[in-house]
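The residues making up each chain are set out below.
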Amino acid sequence: MELRLAKKEDFEDVKAIYDDIMDNSFGSDVGPSWVKGVYPSDEYLREKIELNQLCVVEYENRIVSSLVFDNLVSVGYDTVNWKVDASEDEVCIIHAFATSTACQGRGVSKFMLNEAIKHALKTDLKVIRLNIISHNMPAKKFFEREGFDYIDTVDLEYGELGTLEFCMYEYEL
């Protein structure tokens, strides 16, 4: 397995991961509640690739996992009583963390997260933060098992998706 920055030519493979997850979690009471064409949109994914903020994992010669690593917070992050006091440039936010359904349970997500943490440790960052839609129990269990601390549950505005309830997590570096 290898974690690397996504390239423009990876777009279709990256998009396929998100489409796979949306196709396989639509209408279920677990999963990220993403909506095709809304979030993560093609424009969002292309922009994050262009800005070198989208990472992928290659496994058995194909892209099977993706995440966005930046410091852009959603409206509402400022209302959370975070444990780690950090300025905006000392925080990294994980967005759109995804592993294709065919590769789930094979350690790909754990590998991707551990590599992302290793990368963050080499910088001046103090903390990694993320939000998980409140009903996504598998994601909450995964991040808690990997050392992320639950901080609070808040409502966040997600554009066309509306206001949704999210559990907020952080990992002190």
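Structural notes, computed from the coordinates.

About the criteria used
- Residues numbered from 1 in each chain as written.
- Predicted model: local features only at pLDDT ≥ 70, side-chain atom pairs only at ≥ 80, totals over all residues.
- Heavy atoms only, no water.
- Buried < 20%, exposed > 50% of the residue type's maximum accessible area, 1.4 Å probe, protein only.
- Helix = DSSP H or I, 4+ residues; strand = E, 2+ residues; numbered from the N terminus.
- Arc of directions from axis to C-beta.
- Contact = heavy atoms within 4.5 Å.
- Pairing = 2+ DSSP bridges.
- Phe/Tyr/Trp six-rings, centres within 6.5 Å; stacked < 30°, edge-to-face > 60°.
- Axes fitted to C-alpha atoms, helices over the stretch in contact; angles between N-to-C directions.
- Parallel < 35°, antiparallel > 145°, perpendicular 65-115°, else oblique.
- Left-handed = near helix turned anticlockwise from the far one by under 90°.
- Nonpolar A, V, L, I, M, F, W, Y, C, P; charged D, E, K, R; others polar.

For helix α4 (residues 137-145), the full list of buried residues reads A139, K140, F142 and F143. Across the axial projection of α4, the buried residues extend over an arc of 165°, all falling on one side. The elements touched by buried residues of α4 are β4 (91-99), α3 (108-121), β5 (127-133) and β7 (163-172).

Time to look at unusual backbone geometry. Of note, the bond from Y39 into P40 is cis; its omega dihedral lies within 30 degrees of zero at -10°. Considering the arrangement of structural elements, one finds P40 in the loop between α1 (11-25) and α2 (42-50). Here the phi dihedral of E60 falls at roughly 50°; this positive angle occurs in a residue that is not glycine. Inspection of the secondary structure puts E60 in the loop between β2 (54-59) and β3 (62-70).

Two elements, strand β6 (residues 149-157) and β7, share 8 bridges in a ladder whose sense is antiparallel. Its bridge partner lying in β7, D149 is registered against E170. Between β6 and the antiparallel strand that follows it, β7, lie 5 residues; G159 among them carries a positive phi value of about 50°.

Counted under the stated rule, the structure contains 10 aromatic pairs. With a centroid separation of 5.0 Å and 80° between ring planes, the pair formed by F142 and F143 is classed as edge-to-face. Take F142: its relative accessible area is 11%, and that puts it in the buried class. Take F143: its relative accessible area is 5%, and that puts it in the buried class. Look at Y150 and Y169: their rings are 5.8 Å apart centre to centre, the planes differ by 70°, and that puts the pair in the edge-to-face class. Here the residue Y150 occupies a position in strand β6, and Y169 occupies one in strand β7, the gap between them amounting to 19 residues.

The next point concerns the packing of α1 against α2. As a packed pair, α1 and α2 sit with axes 11 Å apart at the nearest point and diverge in direction by 130°. Taken together, the axes of α1 and α2 lie oblique to each other. Crossing of α1 against α2: the hand is right-handed. Residue-level contacts link F11, E12, V14, K15 and Y18 of α1 to D42, L45, R46 and I49 of α2. Across the contact of α1 with α2, the residue classes break down as 5 nonpolar, no polar and 4 charged.

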